[in-house]
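A structural walkthrough
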Amino acid sequence: MNVILFVFAGRKQNMELQLPLVRRIITEHPNVQYHVWNLSRNDDDNHYLRAIEGERITVLNDYFGIAPWLGFNAVYRHYAHNPKYRDHLFVKVDDDVVFIETGRFGEFVDAVNGNRASVVTAKVVNNGACTPTEPGLWSGFEALSLPLLDVHLSGEYAVMSHTYMFKHWREMVGQPVKLIKTRDWLSINTIGYDWRMVRKIARRVGTPSPGDIAGRSFTPRIKIGDEGMVNMLPRLIFQGFLTAHLSFGPQHAHLTDAQLSLWRKRYAAIGQQYLDA
């Protein structure tokens, strides 16, 4: 199957960590194209993204300069409305996915291909729905006494998640492959689906939300985004394909720039060690 790996890109500091891992995926999987959607918000990030190049890497600037959430919706419609993508599978990543277990990418794509009625997610660090699948993360989460729906608001949760990853990443890669159903709210940091699912998502984004999605309440004035739409669909967690998500926007109120910079350095080192192994 041809695969489009696409990223809603905006931040140079994060993309610098993701790119070496994606280049390994492209080298090992000649059926994969990497689409970098430039949704940057400042000149430095914009210039950096526009300069990215490489075999089967395309930077797309079609929606540069518009509000990011409108860009997200437009990207889904771009793929959904073009029949040339009919036979493709899609893997969407956020630009702050700063670690990817590249050696399991092919098996993840196979799982997406074999479970087309569902959205399949990687096992993601700093992701509420994925937390129960890792006993150490779950015990750390329980010690915080937070609602699972509120982890995106918590700097403490981010600290706990990344501290655990830094200590245990070697044990977390190469885990036995297992598909786990979830009904929890899934933050869509690394997800895969087929073209029909892209079309289903594209049809609903921007329309009035139902009153409840995966435990969250919404008013009709709220418009469904891609994450809300995904959480209206069957969702599977693919244990055995690990990625790490740096931060949610609301967590930034509780984190310092120095802390985020240190984490990026740690992930750069982990990524290099992983690729060199």
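Relevant structure appears above.
Residues numbered from 1 in each chain as written. Predicted model: local features only at pLDDT ≥ 70, side-chain atom pairs only at ≥ 80, totals over all residues. Heavy atoms only, no water.

Concerning the overall build of the protein
- Helix and strand counts for the protein stand at 9 helices and 11 strands.
- Radius of gyration (C-alpha) of the protein: 18 Å, near the 19 Å computed for a compact globule of 277 residues.
- With the C-alpha coordinates aligned to their principal axes, the bounding extent of the protein is approximately 45 × 45 × 40 Å.
- Burial statistics for the protein: of 277 residues in total, 54% are counted as buried.
- A separation of at least 24 residues holds for 78% of the contacts in the protein among residues at least 6 apart in sequence.
- Carbon together with sulfur atoms contributes 51% to the accessible area of the protein, which is approximately 12200 Å² in total.
- Computing the positive centroid from 31 side-chain charges and the negative centroid from 27, the protein places the two 6 Å apart. (Helix = DSSP H or I, 4+ residues; strand = E, 2+ residues; numbered from the N terminus. Rg over C-alpha atoms; globule rule 2.2 N^0.38 Å. Buried < 20%, exposed > 50% of the residue type's maximum accessible area, 1.4 Å probe, protein only. Contact = heavy atoms within 4.5 Å. Areas by Shrake-Rupley, 256 points an atom, 1.4 Å probe, with all protein chains shown as cover. Lys, Arg positive; Asp, Glu negative; His and termini not counted. Charge placed at Lys NZ, Arg CZ, Asp CG, Glu CD.)

As for the pairing of strand β4 (residues 88–94)
- Among the 7 residues of β4, 7 are classified as buried, and the element is accordingly described as predominantly covered.
- A two-sided burial pattern is seen for β4, the buried positions comprising His88, Phe90, Lys92 and Asp94 on one face and Leu89, Val91 and Val93 on the other.
- Sheet analysis places strand β1 (residues 2–9) next to β4, joined by 7 bridges and oriented parallel. Across the sheet, Phe8 pairs through a bridge with Asp94, a residue of β4.
- Looking at chain direction, β4 and strand β8 (residues 190–194) are connected through 5 bridges and run antiparallel. Pairing of Leu89 across the sheet is with Asp194, part of β8. (Pairing = 2+ DSSP bridges.)

Quick notes on the packing of helix α6 (residues 155–172) against helix α9 (residues 257–276)
- Packing of α6 against α9 brings their axes to within 11 Å, and their N-to-C directions diverge by 20°. Here α9 runs roughly parallel to α6, going by the angle between their axes. The way α6 lies across α9 gives a crossing that is left-handed. Contact with α6, carried on its side by Ala158, Val159, His162, Met165, Phe166, Trp169 and Arg170, involves Gln259, Trp263, Arg266, Tyr267, Ile270, Gln273 and Tyr274 of α9 and no other residues of that element. (Axes fitted to C-alpha atoms, helices over the stretch in contact; angles between N-to-C directions. Parallel < 35°, antiparallel > 145°, perpendicular 65-115°, else oblique. Left-handed = near helix turned anticlockwise from the far one by under 90°.)

Thoughts on helix α7 (residues 195–204)
- Taken together, the buried positions of α7 are Trp195, Met197, Val198, Ile201 and Ala202. Looking straight down α7, one finds that the buried residues subtend no more than 155° of arc, so they occupy a single side. Away from the buried face of α7 by more than 90 degrees, exposed residues Arg196 and Arg203 are located.
- For α7, the secondary structure elements touched by its buried residues are α3 (68–80), β4, β6 (119–125), β8 and α8 (226–230).
- Phi for Gly206, located one or two positions after α7, is positive at around 85°. (Arc of directions from axis to C-beta.)

With respect to α9
- Relative to the 28 Å expected for 20 residues at 1.5 Å per residue, α9 spans 29 Å between its end C-alpha atoms, a close match to the ideal helical length.
- Burial in α9 covers these residues: Leu260, Trp263, Arg264, Tyr267, Ile270, Gly271, Tyr274 and Leu275. Mapping the buried residues of α9 onto a view down its axis gives an arc of 130°, with all of them on the same face. In α9, the exposed positions that point more than 90 degrees away from the buried face belong to Ala258, Lys265 and Asp276.
- For α9, the elements touching its buried residues are α1 (12–28), β5 (97–100), β6, α6 and β11 (235–245). (Expected span 1.5 Å × (residues − 1).)

What to know about a nonpolar patch on the surface
- Together, Ile66, Trp69 and Leu70 give the surface a local cluster of nonpolar side chains, amounting to about 330 Å² of exposed area.
- For Ile66, the location among the structural elements is in the loop between β3 (57–60) and α3. (Patch = residues over 30% accessible without salt bridge, like charges linked within 9 Å, V, L, I, M, F, W, Y side chains within 5 Å. Salt bridge = Lys/Arg side-chain N within 4 Å of Asp/Glu carboxyl O.)

Considering the packing of helix α5 (residues 135–144) against α6
- α6 packs onto α5 with a crossing angle of 160° between their chain directions and a minimal axis gap of 10 Å. For the element pair α5 / α6, the angle class is roughly antiparallel. α6 is crossed by α5, and the crossing has right-handed handedness. When α5 is examined against α6, the residues Gly136, Leu137, Gly140, Phe141 and Leu144 are found in contact with a partner set consisting of Glu156, Tyr157, Met160, Ser161, Tyr164 and Met172.
- For the contact of α5 with α6, the residue count by class is 7 nonpolar, 3 polar and 1 charged. (Nonpolar A, V, L, I, M, F, W, Y, C, P; charged D, E, K, R; others polar.)

That is the geometry; function is a separate question.
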